[in-house]
Amino acid sequence: MRKRWEKFVTAAAFGAAAGVTLKKVQDIRRRREKERRAAIEAAVMRNRNYGSRKAHIIGGGLAGLAAAAYLVRDCHFPGKQIVIYEAADMLGGSNDGQGSPENGYACRGMRLMDQDNYENFWELFYTIPSLKRQGKSVAEEILEFQAAHPVHARVRLTDGEGNVLNAKAMGFTLQDRMALARLVGMDEKKLDGLTVQDWFKETTHLFETNFWRLWQTTFSIQPWSSLSHFQRCLKRMLPAFGWIDTLKGAVRTPLNQYDSLIRPLEEYLRREGVSFKQNCQVTDMEFADGPGLTVKTLYLKQRVEEEGARAGEAFVFGRRELEPGDLCIMTNGSAAECTSFGSMDKPAAFSLRRPASIQLWEKVAAKKPGMGSPEPFFSRVEETERMSFTITAHGNALLEEIRKFSEGRPEEEARITFGHSPWLLTSTVPVQPYFSGQPSDVTVLWGYGLMPRALGLHVNKAMKDCTGREILEEYLCCMHVPKERREALMETVLNVIPCYMPYAGAPAEPRKSGDRPRVLPTGTVNFAMVGQFVEIPDDTMLTEEYSVRSARMAVYGLMDMKREICPVTSHKRPAVLFRAVRRAL
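The sections below set out a description of the structure shown in this document. These figures come from a predicted structure and were not determined experimentally.

1. Concerning the sheet that holds strand β2 (residues 82-86)
In any sheet, the strands associate via hydrogen bonds between backbone groups, in a parallel or an antiparallel arrangement.
Then comes step 1: Reading across the sheet, the five strands line up as β6-β2-β1-β10-β17 and stay open at both edges, with parallel pairing between neighbours. Of all strands in the sheet, those bounded by a partner on one side alone are β6 (275-278) and β17 (527-530). Each strand axis lies, on average, 15° off the axis of its neighbour in the sheet, ignoring direction.
Then comes step 2: Here four bridges tie strand β10 (residues 327-331) to β17, and the two strands are oriented parallel to one another. In the sheet register, M330 faces β17, and the bridge partner there is M529.
Then comes step 3: Where helix α2 (residues 62-73) meets the sheet, its contacts fall on β1 (55-58), β2, β6, β10 and β17, and the angle it forms with β2 comes to roughly 180°.

2. Observations concerning the sheet that holds strand β13 (residues 416-418)
Then comes step 1: Read across the open sheet, the seven strands follow the order β5-β13-β14-β15-β12-β16-β11; overall the sheet is mixed. Of all strands in the sheet, those bounded by a partner on one side alone are β5 (157-158) and β11 (340-341).
Then comes step 2: Note: β13 against strand β14 (residues 425-428), two bridges, orientation antiparallel. Across the sheet, I416 pairs through a bridge with S427, a residue of β14.
Then comes step 3: Its contacts with the sheet place helix α13 (residues 397-406) against β5, β12 (386-394), β13, β15 (442-449) and β16 (493-501), and it is angled at close to 55° to β15.

3. A short note on the pattern of salt bridges
For side chains bearing opposite charge, pairing can occur when the charged atoms are close.
Then comes step 1: Scanning all chains against the criterion turns up 34 salt bridges.
Then comes step 2: The partner of D284 in a salt bridge is K367, and the shortest N-O contact between them spans 2.7 Å. Placement of D284 in strand β7 (residues 280-287) and of K367 in helix α10 (residues 356-367) is noted, with a sequence separation of 83 residues between them.
Then comes step 3: Taking relative accessible area as the criterion, D284 reaches 19% and is therefore assigned buried.
Then comes step 4: Here the salt bridges do not stand alone but share partners, grouping R73, D74, E123, R552 and R563 into one network.

4. Quick notes on the packing of aromatic side chains
Then comes step 1: Overall, the coordinates contain 27 aromatic pairs when judged by the stated rule.
Then comes step 2: Judged by centre distance (6.0 Å) and plane angle (85°), the ring pair of Y118 and F121 falls under edge-to-face. For the pair shown, Y118 and F121 are each scored as buried.
Then comes step 3: Plain terms: the ring middles of F207 and W212 are 4.9 Å apart, the flat faces sit at 85° to each other, and that makes the pair edge-to-face.
Then comes step 4: For W212, a relative accessible area of 1% translates into the label buried.
Then comes step 5: Taken together, the aromatic side chains of F172, F211, W215, F219 and F241 make up a single cluster linked through ring pairs.
Then comes step 6: Stacked on the ring of F315, the Lys or Arg K301 has its end atom at 4.5 Å from the ring centre.

5. Here we look at the side chain of T492
Then comes step 1: Positionally, T492 belongs in helix α15 (residues 483-492).
Then comes step 2: Polar side-chain contacts of T492 include one of 2.7 Å to the backbone oxygen of L489.
Then comes step 3: Not counting residues within four places of it along the chain, the set of residues in contact with T492 comprises A393, H394 and A397.

6. Some thoughts on helix α4 (residues 138-148)
Then comes step 1: Buried residues of α4: V138, A139, E141, I142, L143, F145 and Q146, and no others.
Then comes step 2: Against the buried residues of α4 lie α3 (119-125) and α9 (257-271).

7. Focus on the pairing of β15
Consecutive side chains of a regular strand alternate in pointing toward one face of the sheet and then the other.
Then comes step 1: The buried fraction of β15 amounts to eight of the eight residues, a majority that puts the element mostly inside the structure.
Then comes step 2: What you see with β15 is no split at all: V442, V444, W446 and Y448 on one side and T443, L445, G447 and G449 on the other are buried throughout.
Then comes step 3: Strand direction decides the pairing type here: β12 and β15, joined by eight bridges, are antiparallel. Among the inter-strand pairings, M387 is bridged to a residue of β15, identified as G449.
Then comes step 4: Pairing geometry for β14 and β15, over four bridges, is antiparallel. Bridge pairing in β15 links L425 to G449.

8. Looking at helix α14 (residues 468-478)
Then comes step 1: Burial analysis of α14 places eight of its 11 residues in the buried class, which makes it a mostly covered element.
Then comes step 2: Those residues of α14 that fall on the buried side of the exposure criterion are G468, I471, L472, E474, Y475, L476, C477 and C478.
Then comes step 3: If you follow the buried residues of α14, they end up packed against β12, α13, β13, β14, α15 and β16.
Then comes step 4: Looking one or two residues beyond α14, the residue adopting positive phi is H480, at roughly 60°.

9. Topic: unusual backbone geometry
Then comes step 1: A cis geometry characterises the amide bond from Q432 onward to P433, with omega recorded as 0°.
Then comes step 2: Secondary-structure assignment places P433 in the loop between β14 and β15.
Then comes step 3: Phi angles above zero are rare outside glycine, and N279 is one such case at about 60°.
Then comes step 4: By the element assignment, N279 lies in the loop between β6 and β7.
Then comes step 5: Within the chain, D560 stands out as a residue other than glycine whose phi angle is a positive 55°.
Then comes step 6: The exposure class assigned to D560 is partly exposed, which follows from its relative accessible area of 44%.

10. Some words on empty space enclosed by the protein
With a probe scaled to a water molecule rolled over the atoms, the places where space remains empty come into view.
Then comes step 1: Under the definition given, this model contains two cavities of 30 Å³ or more.
Then comes step 2: The space that makes up the largest cavity amounts to roughly 80 Å³.
Then comes step 3: Residues of the lining of the largest cavity, tallied by class, amount to seven nonpolar, three polar and two charged.
Then comes step 4: Space inside the second largest cavity adds up to approximately 30 Å³.
Then comes step 5: Considering the residues around the second largest cavity, the lining is formed by A148, H149, P150, R409, E411 and E412.
Then comes step 6: For the lining of the second largest cavity, a count of residues per class yields two nonpolar, one polar and three charged.

Cut-offs applied
Residues numbered from 1 in each chain as written. Predicted model: local features only at pLDDT ≥ 70, side-chain atom pairs only at ≥ 80, totals over all residues. Heavy atoms only, no water. Pairing = 2+ DSSP bridges. Helix = DSSP H or I, 4+ residues; strand = E, 2+ residues; numbered from the N terminus. Axes fitted to C-alpha atoms, helices over the stretch in contact; angles between N-to-C directions. Contact = heavy atoms within 4.5 Å. Salt bridge = Lys/Arg side-chain N within 4 Å of Asp/Glu carboxyl O. Buried < 20%, exposed > 50% of the residue type's maximum accessible area, 1.4 Å probe, protein only. Phe/Tyr/Trp six-rings, centres within 6.5 Å; stacked < 30°, edge-to-face > 60°. Lys NZ or Arg CZ within 6 Å of the ring centre and 35° of its normal. Polar contact = N/O pair within 3.5 Å; in protein donor to acceptor, adjacent residues only side chain to side chain. 1 Å grid on protein atoms, 1.4 Å probe; cavity = no way out; pocket = protein on both sides within 12 Å on 5 of 7 lines; lining within 4 Å. Points joined across faces, edges and corners; volume = space filled by probe spheres on them. Nonpolar A, V, L, I, M, F, W, Y, C, P; charged D, E, K, R; others polar.

Structure follows, in C-alpha cells:
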C-alpha cells in the first residue's frame, strides 16, 4: 500500500512538473511569436512613405502628447509633420506644475500610480528619456525613486480628536459585503445611468465605513458618482485592497507630474520636430460629405498679445485645410477646464463660462452620430467640483509639525485624510524638492478637498470661498495645532494657492451607453478621439493610464498597426483574490 502511494505521489509530482514546464514552453513560444510579429510590423512601418501627410492633434494634455509619441515611435511618422494645438499657454492639461520660491508654487493634482496596472503608461515611458538621469528612461527614474522613497502611511485616517483610526479595519457589515459582491458580478450594461448611492440605498452604512473613506479620497469617488465607474474601479484596482490602508503599493513621481512626465515627453517630441501651437484653440471642424467620417477643415482661434496703445489680449482667426491622408486626433473634453487659482489673501475665482473643449465636442456631436454627449459630464458643477491647495513655506517648521502629528516620516504618508472634515480634507507631503529649481530651504506641501461647498469646522466658510490663509488655518486646526503655534507657523508660510476645479470629477459622472464616444467612431477614415471622456471597455478613468491607452488605440487604429496594445490586466491571481477577500472579512 505504501509503495503504491509513493508511486502515486511521484507520478503526481512528475505530472505537475511537466505541466509547469509545458506552460513555460508555451509562454516562451508565445513571447517569441509576439516579438517576431512586432519586428515585422516595425519593418513595415519603417518602410512606409508618408509623403506630405500631416497629423493634427487637438489638445496638449497627456493624451495628445502620447498620441504624437506613438506616431513618432511606432509608426515612424515624421515629427515635423505633426502639429499639436493647445488652447492654454502651457502643455500638460491636468498634469500641471508652475511657480517660484518668491511667489509660491501651484499644481492642480498629485496623482498616485501603481505597478499592477498602468500597462501602457509604463511601456511608453520606458522609452522616453529622463531629463535628469542620463541614460535612464522616465519610467526607470520613477521606479528607482520609489524604491528609495517608499510609501508607508501610518496615519491614513484620523478622527475629530486627532486620533489615528485603524484603517486596516474596513468596517463592513454582512450586508455591505453582499452588496459589493453583487455589484462586482453585475453586467455593466445593467448599470446605465445609476449612481453609487442608487445601488447602496438599502445599505447606506457602507458610506460610514473606513473602506468608503479610503476609496473615496484615493480614487475621487462620490456617492453620486457613476456606479459603472465604481464597479470598474473595484475590479481594476483589486490589488489596492491589500495596500489601500498604508498605500504601500502606490507609486509617486520624483517631482510634480508636469516636471516628471510632461516636460520629458515634450522635449522628446520637440527633438523629433513636432510643432506646438499653444494659445491656439480649435473652435470647430468640418467633415467631408459622403460616406465615412473624414475631417476636412479645422477652424482656429489664436490668442496674441498686442503692444503699444492697444496693449492687451487679442485673437487671430484662421482655418487649416486637411489634405487626403491627413489625420485628426481630438481630445474631447478636459477635466482641467475653467480652473482658477487664488492666493494667500484671495480666494480662487468662480467662472461659469462654457469650457472651450466642451463647445468643440458639442459641435462635433451635433454634426455626426456616434460622437457621444458632453451634457451628462458637464452639467452639474456642484457634483464635479473639487479644490486643491499648494503650500510654499520657508524652512521646515511646518514639516516638523506634520512629523509630530504623524509620529514618523511625513513624506512616507502620501495621504493623510481628516475623516471628520466637512471638506473631506486630505493632505500630502511630497519628498522635497517637488518642483524643478526649488531651493533646499523651501518646503512645498499639497492637499485637496472633495466637498468645496461645505462649511469648514474651524473656518465657518465654504472651502471654495476661502483664501489660502483660511485654508491653511483649517488644515492646522484639523491637526490640533495650538493657536500660538499656528500663528508662528503662519509666519513661515510664503503662500498658499487655492485651486478651484469645477470639472475635476466630471469623468466619473453617471452616464449611459453611448455618452462616451468610441476612440475610433464607426466609419472613421481620419478621425479619432482621446482622453478621459472616451469609452475604453474595462478600464478606469481619472488615471494617467486611461489617457495613454486611448492615445495608443487612436494611433494604432488610424494607422492600421497590427502591434498589440497592452491589455487591461486581469486580477484573478489567487494571491490577489485572497488578499482582497481577507481584507473584506
